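Here's the letter readout for the chains.
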Amino acid sequence: PAVGQRVRLFAPEPARLADVPGDEGVVYAAMSEVEGQLASIKRSPSGKPMQVVVSSEQLTPAWTGAVATNETGALVGIVGESDRGQTRLVTAEAVRGARARVLARRASVPQPWLGARGDAVAMLPLEKFLLNGWPREAALDLLNKRRGVLLSAIAPNSPAAAAGLRPGDVVARISERVVLGVDEFSFFLNEAGSNSTIDFTVFRAMEASPLRMAVRLSESVNPANRTPVAEARVLSELVDGLEAIPISSKLAARFKAGGGMLVLNVRPASAAERSGLQTGDVIESINGQALPEPDRTFDLLHLSASELTIGIVRDGARLTLKIAATSTGK
C-alpha cells in the first residue's frame, strides 16, 4: 500500500425479509461499494504496515468489517473503525496472520497479553519522569532521544509483573528492535504471539545500565480489558466486602462519571459497607489518583496506606469516603 492509492470498499447492506407472497423465509441482500484513498500508512522498522488509514466522506461506523481492496481486487485490509471520514484498516498481513493462527488451532486464538500500560516517551512532559523518580539529567536524555515507552501501570499477576517490570520503567527495545512509541510496542508484542518469550531492554530510574529482562507473554481473548480486570481483583482484595468491575468511559458517562470501576456488591457488615459504599457507586479515584489512569503511575499492588481515600460518583454527585485497607504492601 502507498499513500494516495485509491481503494474500493465493499460491505453488505442490511438484509430484509421478503414481503412478496410465496417468498416467505427468503432473505435478500445487496452489496454496497464506495471509493476511498489511503491517507496515511505507519510502518514498523522492518517496513511492514502497522496502521493504514483510509479517507472517504461516505464511510461511517456502520462500515466496520467492510473489505478494502486496491483497483485490481487485491486485499488491502478490513475496516476496523470509522470516524468522521477517517477509517483505520486491519492490514491484509494482519488478517492473513490471524487466519493462519486460527486454522492451525482450529479454534479462536487469544491475543498475547503483557499486562502493562504506557505512553510514548516522545509525547510526555519532563514532570512525568520526575514523578517516577527519574533524575532530571537522565530524564532529559531520554526525552531528547524521543524513543521508548514509559510504563505507567503494571497489572497484578501479569506477565509484566512476573518479569519484574515496574511503573516508571522505559522499554527501549524488544528483541533488539527499537521501540519508537506505543504503536511499535503493540505491533512487536502481537507479532511475537501468545506464549512466546521475548527480551526487553529496559531503562530504570537510578540504574546506571539498561536491564535485560525475559518476558513470557500469556494469552487473553481481550487483552485491553484483562489489565483493568486484574486491577479490580486486587482492589476487591484490598477492601473487605467489595466487589467491583472496570467499566469503559462510555459506560461511566451514563453514571456521570469519567471512568473507573462499578461497585457490583457490598457485603453486609464489611469494611466496605461501614465506609458507606453502595452498590451502583462508581469508584473514580483512590488516594487522589484516577482509576484507571493510563497517563499516570498507579500501582495497586504497593498501596502503603492502611486507610484509603476513595472518590466515588453516586447519582451524579461526587463523594469522598474513607475505608480501611485489609491487605497493603502485597
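Above this note sits the structure.
Residues numbered from 1 in each chain as written. Predicted model: local features only at pLDDT ≥ 70, side-chain atom pairs only at ≥ 80, totals over all residues. Heavy atoms only, no water.

Q: So what exactly am I meant to see when it comes to the environment of Asp 315 here?
A: Tracing the backbone shows Asp 315 in the loop between strand S21 (307-314) and strand S22 (317-324). Taking relative accessible area as the criterion, Asp 315 reaches 80% and is therefore assigned exposed. A C-alpha to C-alpha distance of 7.0 Å links Asp 315 and Phe 255, two positions 60 residues apart in sequence. (Helix = DSSP H or I, 4+ residues; strand = E, 2+ residues; numbered from the N terminus. Buried < 20%, exposed > 50% of the residue type's maximum accessible area, 1.4 Å probe, protein only.)

Q: What is the right way to read the nonpolar core from this model?
A: Looking at soluble globular proteins, one finds that nonpolar side chains tend to be buried together. One finds Leu 114, Leu 165, Val 171, Ile 174, Phe 185, Leu 189 and Phe 200 to be the most contacted residues of the largest nonpolar core, which totals 21 residues. Within the residue set of this core, elements represented by two or more residues are strand S11 (149-154), helix H4 (159-163), strand S12 (170-174), helix H5 (182-192), strand S14 (197-203) and strand S15 (211-216). Per-element accounting of this core gives the leading share, four residues, to H5. Other than its neighbours up to four places away in sequence, Phe 185 contacts Leu 114, Val 149, Leu 151, Val 171, Ile 174, Val 179 and Phe 200. The next biggest cluster of nonpolar side chains, apart from the first, holds 18 residues, and it includes Val 239, Val 263, Leu 277 and Ile 310. (Core = buried A, V, L, I, M, F, W, Y, C linked by side-chain atoms within 4.5 Å. Contact = heavy atoms within 4.5 Å.)

Q: So what exactly am I meant to see when it comes to the pattern of salt bridges here?
A: For side chains of opposite charge, pairing can occur when their charged atoms come near one another. Evaluated as defined, the whole model comprises 13 salt bridges. Between Asp 183 and Lys 42 there is a salt bridge, and its shortest N-O distance comes to 3.0 Å. Placement of Asp 183 in helix H5 and of Lys 42 in strand S4 (residues 31-43) is noted, with a sequence separation of 141 residues between them. Residue Lys 42 is classed as partly exposed on the basis of its relative accessible area, which comes to 34%. Taking the shortest distance from any N to any O, the salt bridge between Arg 314 and Asp 281 comes out at 2.8 Å. Placement of Arg 314 in strand S21 and of Asp 281 in the loop between helix H8 (271-275) and strand S19 (282-286) is noted, with a sequence separation of 33 residues between them. (Salt bridge = Lys/Arg side-chain N within 4 Å of Asp/Glu carboxyl O.)

Q: Explain the pairing of S4 to me, please; I cannot follow it from the model alone.
A: Consecutive side chains along a regular strand alternate between the two faces of the sheet. Across seven bridges, the pairing between strand S1 (residues 6-12) and S4 is antiparallel. Its bridge partner being in S4, Arg 8 is matched across the sheet by Glu 35. Both S4 and strand S5 (residues 49-55) contribute to a ladder of six bridges, which runs antiparallel. Within S5, the residue paired with Ile 41 across the bridge is Val 52. (Pairing = 2+ DSSP bridges.)

Q: Sorry if this is basic, but what is going on with unusual backbone geometry here?
A: Excluding glycine, residues mostly carry a negative phi; peptide bonds, for their part, are mostly trans. Unusually for a residue other than glycine, Lys 256 sits at a positive phi of about 65°. Relative to the helices and strands, Lys 256 resides in the loop between helix H7 (249-254) and strand S18 (260-266). Positioned with a positive phi, Asn 287 is a non-glycine residue whose angle comes to about 50°. Residue Asn 287 is classed as partly exposed on the basis of its relative accessible area, which comes to 33%.

Q: Would you explain the pairing of S21 in this entry?
A: A large share of S21 lies buried, amounting to six of its eight residues. Bridging between S19 and S21 involves four bridges; their strand directions are antiparallel. Of the residues in S21, the one forming a bridge with Ile 283 is Ile 312. Both S21 and S22 contribute to a ladder of eight bridges, which runs antiparallel. The partner of Ile 312 across the bridge, within S22, is Leu 319.

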